[in-house]
Amino acid sequence: MTITVTTATTTPTAAATTTAATAAAATTATTTPVAAAVGARVQRAELHHVAVSGRTDWLLLRITDSDGVSGWGECSDAGPLTAVLRELRELAAWGQQAPDVGEFTRRTIAGAIEQAELDQAARRAGRPLRDVLAEAGASLGGAGAPAGAVPADSVELYADLNRAPGGRAPAEVAATALAAVRAGFRTVKLAPFDTPGGDRLGYLGLARVQAVREAVGDDVTILVDCHERLSLEDLTPLLEPFAELGIGWLEDGVGIDRPADLARLRGLTGLTLAGGGLAHRIEQVEAAAGLLDVLLPDVKHAGGPLAALALARATDARISPRNSSGPVATLHSAHLAAAIGAGPLAYAFGEVPWRAAVTGGREQIRDGRLILPAGPGLGGEPDLRHPEVVKVWSDVIDLRRTSC
């Protein structure tokens, strides 16, 4: 599949193409080359580490071409930092994959590289990334924004409470949810089954959801992420109470890789079902056709924005990018959401107070919406002077050899 990236002007400049889950060729409207092939040259790569909390580290990847044009990606949650570094060092040394690094880690790193390549290509073309992705989506067909639609310059967010500090008692989760609402969010998501509870975990989770509903009132949408923590038998008694509480969706009650069980869940409830945050193959999405109401592709774990876009175009489900990530993946996810008319987009609420400072204030949120920064590519990038941003690796890699 080929997508076209046009420059902001008709003046010929150097050209860019990127290859990942789909192949992207960049040309002007008159087929004048915009750049030499991205992914077909050796580039300088750097990995920057940001220690966020006891459970979160952001891993931010920058590539820089010989002409000085850079692009940014993110591979947070790819696995242990040691494994990520091992894979990158192997790629730099031999252009091969480290044999002891798992496929999930490898795919997430490939996703960061594709993000960076797309950002770089859009910057070189002088265009916002969302416009490039909108053209890609139009070329693929399927669901989403109609061809020729102008991407929005802001994206609706929901507050993902899962990584916010504080306790997990029902009243404490409710207080975090209320703080998000007071900050302007109209939708909140909690993962009520993520802490131990033994054979009472289901009812403890339900108590958390009930406490949040009582705290935020009936006008706020509550999303419930099960993270597949409960068996279908344990989840079944909670379906009716969740419906009475008016939750907006039930996420990963059953994983997308279990279509038979997902069909059973679908037959048990009229709740909106969401999932597929770790999906990376079209076959996974096709097997869940008619079983999921909302698909949650992740620009990291799918293998990159084009891979996530391909998943989105393979389904009739509504698209809401999964994104419990740092600011770079958030911007990539927001550009994708804006490009195809998707949303709302997950936002890790309240994790650290200095998050926006990592991008030099370019991550702007107003009334529960992320304002996409103006400018080419992502429109923003990490502030490498921020004390929490630490470069942990740098070398030259051949981008032709980094596909997952």
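Keep in mind it's a predicted model, so treat the numbers as computed, not measured.

Trainee: Looking at this structure, how should I read the environment of Thr269?
Mentor: Residue position: Thr269 is located in the loop between α7 (259–268) and β11 (273–275). For Thr269 and Leu239, which are 30 residues apart along the polypeptide, the C-alpha to C-alpha distance reads 6.7 Å. Separated by 3.0 Å, the side chain of Thr269 and the backbone nitrogen of Leu271 make a polar contact.

Trainee: Explain the nonpolar core here, please?
Mentor: One broad trend across soluble globular proteins is that nonpolar side chains are buried collectively. Formed by 84 residues in total, the largest nonpolar core has its most connected members in Val188, Val212, Val224, Leu235, Phe242 and Leu250. The dominant element in this core, judged by the number of residues it contributes, is helix α10 (residues 327–340), at 8 residues. Those residues in contact with Phe242 that lie beyond four places of it in its chain are Phe193, Leu206, Val209, Val224, Leu235, Ile247, Leu250 and Leu271.

Trainee: What is the right way to look at the sheet that holds strand β6 (residues 70–74) in this model?
Mentor: With antiparallel pairing, 4 strands are arranged side by side in an open sheet as β6-β5-β4-β17. Bordering the open sheet on either side are β6 and β17 (389–398), each of which pairs with just one other strand. Here the strands of the sheet are splayed against their neighbours by 20 degrees on average, with no regard to which way each runs. Relative to β6, strand β5 (residues 57–64) is paired through 5 bridges, and the arrangement is antiparallel. By the bridge assignment for β6, Ile63 is matched with Gly71. Strands in contact with helix α1 (residues 81–94) are β4 (42–51), β5 and β17; relative to β17, the strand with the most contacts, it is inclined by about 30 degrees. Of the strands in this sheet, β5 and β6 touch α10, which is tilted by about 100 degrees from β6.

Trainee: When you look at the pattern of salt bridges in this model, what are you seeing that I'm missing?
Mentor: Between side chains of opposite charge, a pair can form as their charged atoms come close. All told, the structure shown has 24 salt bridges when counted by the stated rule. Asp119 is paired through a salt bridge with Arg123; the nearest N and O atoms lie 2.8 Å apart. Of this pair, Asp119 and Arg123 both sit in helix α2 (residues 103–125), separated by 4 residues, roughly a single helical turn.

Trainee: Whenever I open this one, unusual backbone geometry confuses me. Can you help?
Mentor: Glycine aside, a negative phi is what most residues show, and trans is what most peptide bonds show. Pro344 follows Gly343 through a cis peptide bond whose omega is 0 degrees. Mapping Pro344 onto the fold places it in the loop between α10 and β14 (345–348). The phi torsion at Glu228 lies on the positive side, around 55 degrees, for a residue other than glycine. Checked against the element boundaries, Glu228 lands in the loop between β9 (221–225) and α6 (232–245). Classification of Glu228 as partly exposed rests on a relative accessible area of 41%.

Trainee: In this structure, what is going on with the environment of Gly255? I would like to understand it.
Mentor: With respect to the element layout, Gly255 can be found in the loop between β10 (249–251) and α7. A sequence separation of 33 residues divides Gly255 from Ala288, and the C-alpha atoms of the two residues are 9.7 Å apart.

Trainee: How should α10 be read in this particular structure?
Mentor: Because an α-helix packs 3.6 residues into every turn, residues spaced three or four apart end up facing the same way. If you check α10, its first and last C-alpha atoms are 20 Å apart, about what 14 residues at 1.5 Å a residue would give, namely 20 Å. Within α10, 14 of the 14 residues are buried, leaving the element largely enclosed by the surrounding structure. Downstream of α10 by a residue or two, Gly341 has a phi angle that is positive, lying close to 70 degrees.

So, how was this worked out
Residues numbered from 1 in each chain as written. Predicted model: local features only at pLDDT ≥ 70, side-chain atom pairs only at ≥ 80, totals over all residues. Heavy atoms only, no water. Helix = DSSP H or I, 4+ residues; strand = E, 2+ residues; numbered from the N terminus. Polar contact = N/O pair within 3.5 Å; in protein donor to acceptor, adjacent residues only side chain to side chain. Core = buried A, V, L, I, M, F, W, Y, C linked by side-chain atoms within 4.5 Å. Buried < 20%, exposed > 50% of the residue type's maximum accessible area, 1.4 Å probe, protein only. Contact = heavy atoms within 4.5 Å. Pairing = 2+ DSSP bridges. Axes fitted to C-alpha atoms, helices over the stretch in contact; angles between N-to-C directions. Salt bridge = Lys/Arg side-chain N within 4 Å of Asp/Glu carboxyl O. Expected span 1.5 Å × (residues − 1).

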